[in-house]
Amino acid sequence: KAIVHFIRKEAAEFKFENGFTISIDMLACRLADEFQNFTQRAFRRLYGVETILVSIDDERGPQIYKIDPAGHYCGYKAVTAGVKEQEAANFLEKQLKKRADVNEEIDEKQTIELAISALQNVISSDFKATDLEVAVVSAKDNRFRKLAASEIEDRLNAISEKEW
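No experiment lies behind these values; they were computed from the predicted model shown.

## Quick look at the packing of helix H3 (residues 85-101) against helix H4 (residues 108-123)
So, step 1. The N-to-C vectors of H3 and H4 enclose an angle of 140 degrees; their axes lie 9 Å apart at closest approach. Taken together, the axis directions place H3 and H4 in an arrangement best described as oblique. In this structure, H3 meets H4 at a crossing whose hand is right-handed. Of the residues in H4, those in contact with Glu 87, Ala 88, Phe 91, Leu 92, Gln 95, Leu 96 and Arg 99 of H3 are Gln 110, Leu 114, Ser 117, Ala 118, Asn 121 and Val 122.
So, step 2. Class assignment for the residues of the contact of H3 with H4 results in seven nonpolar, four polar and two charged.

Structure follows, in structure tokens:
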């Protein structure tokens, strides 16, 4: 809650001072600076969460940044967080490398399928549509939306027909 408040405050102040919205990389940098600032003072407790920011930039397109509690931030094509983070990251890297080798573009449906497949691979379990919540930031709609169970079911069926 405090992190969301900080991000909103920074974005509003930037827009008020400059007349245009803050870029995601600058916002990630400011949040990382705030996190890092908390590591330097003994009386301040660290934020104990990794934060992932997603945005669609007019010039650069879709962007995703991950900020860790120590204040390190970096942009990614695909990012993971959590207990089996490294396993999921390895799976995503391998799949994205395969697609890059054949110059295959990845669309929204394939991205959703890849994310669900990474989760299934790491957990070594199949899911039902009611077991998952999937949210998408789409460049064509320019908005954040949560997928319905029927849409998730369609993606799960598509995954079961493919071989990863």
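From this point, the discussion proceeds with the structure in view.
## Some words on the packing of aromatic side chains
So, step 1. Counted according to the given criterion, the structure contains two aromatic pairs.
So, step 2. Ring centres of Phe 14 and Phe 20 lie 5.4 Å apart, and the angle between their planes is 85 degrees; this geometry places the pair in the edge-to-face category.
So, step 3. Seen in terms of ring centroids, Tyr 65 and Tyr 73 are 6.3 Å apart; in terms of plane orientation they differ by 40 degrees. Their pairing is tilted.
So, step 4. A relative accessible area of 32% means that Tyr 73 is categorised as partly exposed.

## Some words on the layout of surface pockets
So, step 1. In this structure, the second largest pocket occupies an estimated 310 Å³ of space.
So, step 2. Along the wall of the second largest pocket there are 13 residues; nearest its centre are Thr 21, Ile 22, Ser 23, Ile 24 and Ser 55.
So, step 3. Counting only elements with at least two residues in the lining of the second largest pocket, the list comes to helix H1 (2-18), helix H2 (24-39) and strand E1 (51-57).
So, step 4. By residue class, the composition of the lining of the second largest pocket is six nonpolar, three polar and four charged.

## Regarding H2
Residues separated by three or four positions in an α-helix point in the same direction, a consequence of the helix having 3.6 residues per turn.
So, step 1. Given a rise of 1.5 Å per residue, 16 residues ought to cover 22 Å, and the 23 Å separating the end C-alpha atoms of H2 matches this to within 8%.
So, step 2. Of all the residues in H2, the buried ones are Ile 24, Leu 27, Ala 28, Leu 31, Ala 32, Glu 34, Phe 35 and Phe 38. Looking straight down H2, one finds that the buried residues subtend no more than 155 degrees of arc, so they occupy a single side.

## So, the nonpolar core
So, step 1. In this structure, Ile 7, Leu 31, Leu 53 and Ile 67 are the most contacted members of the largest nonpolar core, which totals 14 residues.
So, step 2. In terms of residue count, H2 provides more of this core than any other element does, six residues in total.
So, step 3. Counting 11 residues, the second largest nonpolar core, distinct from the first, contains Ile 112, Leu 132, Val 136 and Leu 156.

## Some words on H1
So, step 1. Relative to the 24 Å expected for 17 residues at 1.5 Å per residue, H1 spans 24 Å between its end C-alpha atoms, a close match to the ideal helical length.
So, step 2. The complete set of buried residues in H1 reads Ile 3, Phe 6, Ile 7, Glu 10 and Phe 14. In a view along the axis of H1, the buried residues occupy a sector of 95 degrees, so they form one face of it. Of the residues in H1, the exposed ones pointing more than 90 degrees away from the buried face are His 5, Arg 8 and Phe 16.
So, step 3. The elements touched by buried residues of H1 are H2 and E1.
So, step 4. Just downstream of H1 lies Gly 19, where phi reads positive at about 85 degrees.

## With respect to the environment of Lys 140
So, step 1. Relative to the elements of secondary structure, Lys 140 occurs in the loop between strand E4 (135-138) and strand E5 (143-146).
So, step 2. Overall, the relative accessible area of 70% leaves Lys 140 in the exposed class.
So, step 3. Taking the C-alpha atoms as reference points, Lys 140 and Ile 56, separated by 84 residues in sequence, lie 9.7 Å from one another.

Criteria and cut-off values
- Residues numbered from 1 in each chain as written.
- Predicted model: local features only at pLDDT ≥ 70, side-chain atom pairs only at ≥ 80, totals over all residues.
- Heavy atoms only, no water.
- Axes fitted to C-alpha atoms, helices over the stretch in contact; angles between N-to-C directions.
- Helix = DSSP H or I, 4+ residues; strand = E, 2+ residues; numbered from the N terminus.
- Parallel < 35°, antiparallel > 145°, perpendicular 65-115°, else oblique.
- Left-handed = near helix turned anticlockwise from the far one by under 90°.
- Contact = heavy atoms within 4.5 Å.
- Nonpolar A, V, L, I, M, F, W, Y, C, P; charged D, E, K, R; others polar.
- Phe/Tyr/Trp six-rings, centres within 6.5 Å; stacked < 30°, edge-to-face > 60°.
- Buried < 20%, exposed > 50% of the residue type's maximum accessible area, 1.4 Å probe, protein only.
- 1 Å grid on protein atoms, 1.4 Å probe; cavity = no way out; pocket = protein on both sides within 12 Å on 5 of 7 lines; lining within 4 Å.
- Points joined across faces, edges and corners; volume = space filled by probe spheres on them.
- Expected span 1.5 Å × (residues − 1).
- Arc of directions from axis to C-beta.
- Core = buried A, V, L, I, M, F, W, Y, C linked by side-chain atoms within 4.5 Å.

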